[in-house]
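# Coordinate analysis (summary)
Here is what each chain is made of, one letter per residue.
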Amino acid sequence: MTESISERDKKATWHPFTHQKEAAHPIHIIKGDGVYLIDEKGNKYIDAFSSWWVNLHGHANPYIAEKIYEQAKTLEQVAFSDFTHSQAVILAERLLKHLPSNQSKIFYSDNGSTSVEVALKMAIQYHHNIGKPKRKIIAFENGYHGDTFGSMSVAERNVFNTPFSPFLFEVILIPVPVRGKEQNTFIKLEQALKDDAACAFIFEPLVQGAGGMVMYEAEYLEKMLQLCKAHECITIADEVMTGFGRTGKFWATNYINTKPDIICMSKGITGGFMPLGATSCAEFIYNAFLSDDKTKTFYHGHSYTANPIACAAANASLDLLEKQEIHDQVQSISAFFERMKNKYENHSAIADSRNKGAILALELKSPEGTFYLNQLGKKVSAFFLQRGIIVRPLGNILYFIPPYCINQLQLEQLEQCTDELLLNMDKL
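Anyway, here's the lowdown on the structure attached to this text. All figures in this text were calculated on a predicted structure; none of them were measured in a lab.

Scanning the entire structure with this criterion turns up 13 salt bridges. Between E3 and K11 there is a salt bridge, with its nearest N and O atoms 2.6 Å apart. On the basis of relative accessibility, which here comes to 34%, the residue E3 falls in the partly exposed class. Of the residues examined, K11 reaches a relative accessible area of 64% and is grouped as exposed. Taken together, the shared-partner salt bridges in this structure form one network comprising R339, K343, E415 and D419.

Take a look at the structure:
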């Protein structure tokens, strides 16, 4: 008897963020169509988490697919050291037009984690190059910036990185300025900055993703960045998840006036089609690497840096993002989620409800306590899957972050399923 793809998968592959011993056979997805993923039996599922937050315009978007096809027939790869190509240059120019005016250069990499590695190395080497090396890096508690060693180092020490803790460099972790704890954040930041030895402050602007969709207000981030700039501490915005419209504006940092010195991008940059990372920086940072001294060169790169096909996908995604109808759709999702947040905020089964733009998070009450290893997440995921919706809760944090093409009827399906879940919490 012929084995299924799911059965063959179990023998040959190792899946990310998956407890292998208890893992069920994965669902064999054969097709994507807009907001839906379709399995081998023809079952359709609403992708309510955008396949790990990357998909913006829907699966198998024909416009992006066509642009990828056109580029693949022309140029698939060229080393981006001594050579260039039009897709990379056009993309960099377009990103800079959308980015804050203080950003001047784009450095390409492969994914969100590597975009953060680039940012950290830029900040550290900047201070080295100007002859004023600084050793301290400041980051938020509860943060997550990826799974390479630098990005793990600037994150919370938790289940994601415990085995590697002895190998990670030390950082100063400060509280997130959530409601009621803002003053403590400022006190801790001032302490971290007081001897002017802080190299950089890295943060997820307004929404911490993998940390449980924790949200905080723009006014407090504004004050924090002002304080960092007064101490010549480089500020790094990790917009990997929040960028490209997720929070209701093109960048989450568009909600503040004081702009970061470095910005990290990935996930939605290609609309979910291809791996690509990018790190932008202010002119003063780039200028510190311009020297007759070759040791001040930024010796960092990736084999697939600025891959032409990935850049073509990103340019196609930007074509769509720049249309007014996409902006209107994001605002429509945001309004729907705000209504859902208000509806659930006093529900007996919910500890907290919060939303920012096209992101909604519901913190479910659970006797296991909060977060990632909480088994409630698996039960909630199975509940939604049985009803044709894919979610991936962060422990007891149920969240929705759908593709922008989701329509009103599909949003109502998310709400109806949530209502049904809350009515049956005691049966899970």
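Interaxial distance between helix α7 (residues 182-193) and helix α8 (residues 218-230) falls to 11 Å at its minimum, and their mutual angle equals 15 degrees. By the angle between their axes, α7 is roughly parallel relative to α8. Once α7 is placed against α8, the crossing between them reads as right-handed. Where α7 abuts α8, its residues E182, T185, F186, L189, E190 and L193 lie against Y220, K223, M224, L227 and C228. Within the contact of α7 with α8, the residues separate by chemical class into seven nonpolar, one polar and three charged.

Burial along strand β11 (residues 262-265) is two-sided: the face carrying I262 and C264 and the face carrying I263 and M265 are both buried. Across three bridges, the pairing between strand β10 (residues 234-238) and β11 is parallel. Paired with I236 across the bridge in β11 is I262. As paired strands, β11 and strand β12 (residues 277-282) are joined by four bridges and run antiparallel to one another. Across the sheet, I263 pairs through a bridge with S280, a residue of β12.

Moving on, we come to the packing of aromatic side chains. According to the stated counting rule, one finds 19 aromatic pairs in the structure shown. With centroids separated by 6.1 Å and ring planes inclined at 75 degrees, the aromatic side chains of F80 and Y108 adopt a geometry described as edge-to-face. Of this pair, F80 sits in the loop between α3 (62-72) and α4 (86-98) while Y108 sits in strand β4 (residues 103-109); the two residues are 28 residues apart in sequence, bridging distant segments of the chain. By relative accessible area, which is 3% here, Y108 ends up buried. Measuring from ring centre to ring centre gives 5.0 Å for F250 and W251, while their planes differ by 65 degrees; the resulting arrangement is edge-to-face. The buried category is assigned to F250, whose relative accessible area is 16%. Taken together, the aromatic side chains of F17, W52, Y144 and F160 make up a single cluster linked through ring pairs. Seen from the ring of Y36, K44 lies directly overhead, with NZ or CZ sitting 4.3 Å from the centre.

Thresholds, definitions, all that
Residues numbered from 1 in each chain as written. Predicted model: local features only at pLDDT ≥ 70, side-chain atom pairs only at ≥ 80, totals over all residues. Heavy atoms only, no water. Salt bridge = Lys/Arg side-chain N within 4 Å of Asp/Glu carboxyl O. Buried < 20%, exposed > 50% of the residue type's maximum accessible area, 1.4 Å probe, protein only. Axes fitted to C-alpha atoms, helices over the stretch in contact; angles between N-to-C directions. Helix = DSSP H or I, 4+ residues; strand = E, 2+ residues; numbered from the N terminus. Parallel < 35°, antiparallel > 145°, perpendicular 65-115°, else oblique. Left-handed = near helix turned anticlockwise from the far one by under 90°. Contact = heavy atoms within 4.5 Å. Nonpolar A, V, L, I, M, F, W, Y, C, P; charged D, E, K, R; others polar. Pairing = 2+ DSSP bridges. Phe/Tyr/Trp six-rings, centres within 6.5 Å; stacked < 30°, edge-to-face > 60°. Lys NZ or Arg CZ within 6 Å of the ring centre and 35° of its normal.

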